[in-house]
Amino acid sequence: MEDEKILIRNASQVVTCSGFEAKRGKAMSDVGVIEDGAVAVSNGIITHVGPTEVVLRQVDVDDYLEIDAYGRALLPGFVDSHTHLVFGGCREEEFSWRMRGDSYMSIMERGGGIVNTMNATRSTSYDDLFEDAYDRLDTMMDMGVTTVEGKSGYGLDLATELIQLRVMKELNDDHPLDVVSTFLGAHVVPPEFTGRTDAYVDYIIDEMLPHVRAERSVTFCDVFCEQGVFSIEQSERLLKAARSQRFKLKLHADGIGPFGGAELAARLKAVSADHLSHVSNYGIKRLARSGTIATLLPLTTFSLGKPYAPGRRMIDAGCAVALASGLNPESCFSCSIPLLFALACIQMKLTPEEALTALTINGAAALGREKKVGSIDVGKKADLILLKFPSYKFLPYHVGMNIVDTVIKDGVLYIV
Ligand SMILES: [Zn+2]
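In what follows, the accompanying structure is described. (Residues numbered from 1 in each chain as written. Predicted model: local features only at pLDDT ≥ 70, side-chain atom pairs only at ≥ 80, totals over all residues. Heavy atoms only, no water.)

Tracing the chain through its elements places K151 in strand β7 (residues 145-151). Looking at K151, its side chain comes within polar contact range of the side chain of E149, at 2.8 Å. Here K151 is in contact with H82, T83, H84, Q164, M168, T182, L184, D222, K250 and H252, once residues within four sequence places are set aside. (Helix = DSSP H or I, 4+ residues; strand = E, 2+ residues; numbered from the N terminus. Polar contact = N/O pair within 3.5 Å; in protein donor to acceptor, adjacent residues only side chain to side chain. Contact = heavy atoms within 4.5 Å.)

So, about the environment of D132. Relative to the helices and strands, D132 is located in helix α5 (residues 126-142). Owing to a relative accessible area of 37%, D132 belongs among the partly exposed residues under this scheme. For the pair D132 and G89, spaced 43 residues apart in the sequence, the C-alpha separation amounts to 9.8 Å. (Buried < 20%, exposed > 50% of the residue type's maximum accessible area, 1.4 Å probe, protein only.)

Here we have eight strands laid out as an open sheet, ordered β6-β7-β8-β9-β10-β11-β12-β13, and parallel in their pairing. Single-partner strands in this sheet number two, and they are β6 (78-80) and β13 (321-323). Between one strand and the next, the sheet's axes are offset by a mean angle of 25°, whatever the strand orientation. Running at roughly 170° to strand β9 (residues 218-225), helix α8 (residues 232-244) makes contact with β8 (178-186), β9 and β10 (248-253) of the sheet. (Pairing = 2+ DSSP bridges. Axes fitted to C-alpha atoms, helices over the stretch in contact; angles between N-to-C directions.)

Here we take up the coordination of the zinc ion. Taken together, the protein donors to the zinc ion comprise H82 (NE2), H84 (NE2) and H252 (NE2), at separations of 2.0 to 2.2 Å. Each donor residue of the zinc ion belongs to the same chain, with the gaps between them written as H-x1-H-x167-H. Pair noted here: H82 is in the loop between β6 and α2 (92-99) and H252 is in strand β10, with a separation of 170 residues, a long-range link. Neither H82 nor H252 differs from the other in exposure class; each is buried. (Donors = N, O, S within 2.8 Å, 3.2 Å for Na, K, Ca; no water.)

Let's shift gears to a nonpolar patch on the surface. Taken together, Y104, M105 and M108 make up a surface patch of nonpolar side chains, about 350 Å² in accessible area. Note on placement: M108 falls in helix α3 (residues 104-109). For M108, a relative accessible area of 34% corresponds to the partly exposed category. (Patch = residues over 30% accessible without salt bridge, like charges linked within 9 Å, V, L, I, M, F, W, Y side chains within 5 Å. Areas by Shrake-Rupley, 256 points an atom, 1.4 Å probe, with all protein chains shown as cover. Salt bridge = Lys/Arg side-chain N within 4 Å of Asp/Glu carboxyl O.)

Across the two faces of strand β14 (residues 384-387) the burial is the same, with L384 and L386 and I385 and L387 all buried. The pairing of strand β5 (residues 73-76) with β14 spans three bridges and is antiparallel. Within the sheet, the bridge partner assigned to L75 lies in β14 and is I385. Note: β14 against strand β15 (residues 404-409), four bridges, orientation antiparallel.

What follows covers the pattern of salt bridges. Tallied over the entire structure, the rule returns 23 salt bridges. Note that K381 and D178 form a salt bridge whose closest N and O atoms lie 2.9 Å from each other. On the criterion of sequence distance, the pair formed by K381 in the loop between α15 (361-365) and β14 and D178 in strand β8 is long-range, its members being 203 residues apart. The class for D178 is buried, based on a relative accessible area of 11%. With its nearest N and O atoms 2.9 Å apart, the salt bridge here joins E236 to K240. Note that E236 and K240 are positioned in helix α8 at a spacing of four residues, about one turn of the helix. A relative accessible area of 15% means that E236 is categorised as buried. By relative accessible area, K240 is classed as partly exposed at 40%.

Structural data, given as structure tokens:
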């Protein structure tokens, strides 16, 4: 099926999000709409893009499976560039305790917190971790996601971290979605190292990184750089060691308080700094002048009832902003792209165009995939979605509703 040629024609809009690099500031408003557009695909790659009448003159329609997209908008597939999609157990009890106002400490005393997920992940079989994550990928794909990032970080010992990463490699091989893997051994200090954070950082550098490198399937190294978890100095030490082993870098930064994580990300030329709810004005300036993508996770702050990252100010300052779900079993058990669009526009005051750029080409750039996915350009992967409506503007407007009709992944058709 993969070498089949597909021609999608008469789309009310082809929204190209055209580009081969991240868009910053004002450029995020340019999504490149072609009215009555067409896209031709061959061998999973986009070969023609333009007004239907132009594309029809360039291809021999007899060679193509034709899709009449009249009344529907065609967009690039979404890129969810920050998730923790492989984990054991769920924490619905803990969520209900939090909703009734129980304190953080009392929840911890009852076995809550990240250690809960660590224990569950360590005791869940490879096959069960795989099956659960596979189902999550199906859900994401139904909402138009075609590339997703996943992090380890719930094993916090070498064996379980490697299992999480191997699950993600097998998901990338078996599931239609592309799964980009990130090593997050520095998610939190595990109980075995309580009070000895520097020793745990040494353990990650000396014992974990070389084995993770040997897996050859892992692109990024990430660190939870926050007050009381990993300091700026510890994060920098770890990330420099990772960089020397040819990992690309990501940071969980300034999500709990203004800690200087954004500045560190810019200084280390990290590919992305993620969360940023409490980024300082200076941090915004540094990100705007760097190549680092500012990845915002409004579903997480919504789920926690916390303030949103200053996405509007960041774009106005010239940052390249990406949006991601942040899916995890603790603070955000959701990968809802429809709700993500609504929160980004209604709460964070992004325009629909900026939100779309943030979930396509800028999401791709946050994974180093901007040359291959994230826009409808000739030569890129045919990762496309058709909406049930004639305009991309329905994405935030139809609040919380999934309006994806059809997903085309690597040139293969999937009806939602
Ligand atoms: Zn995260």
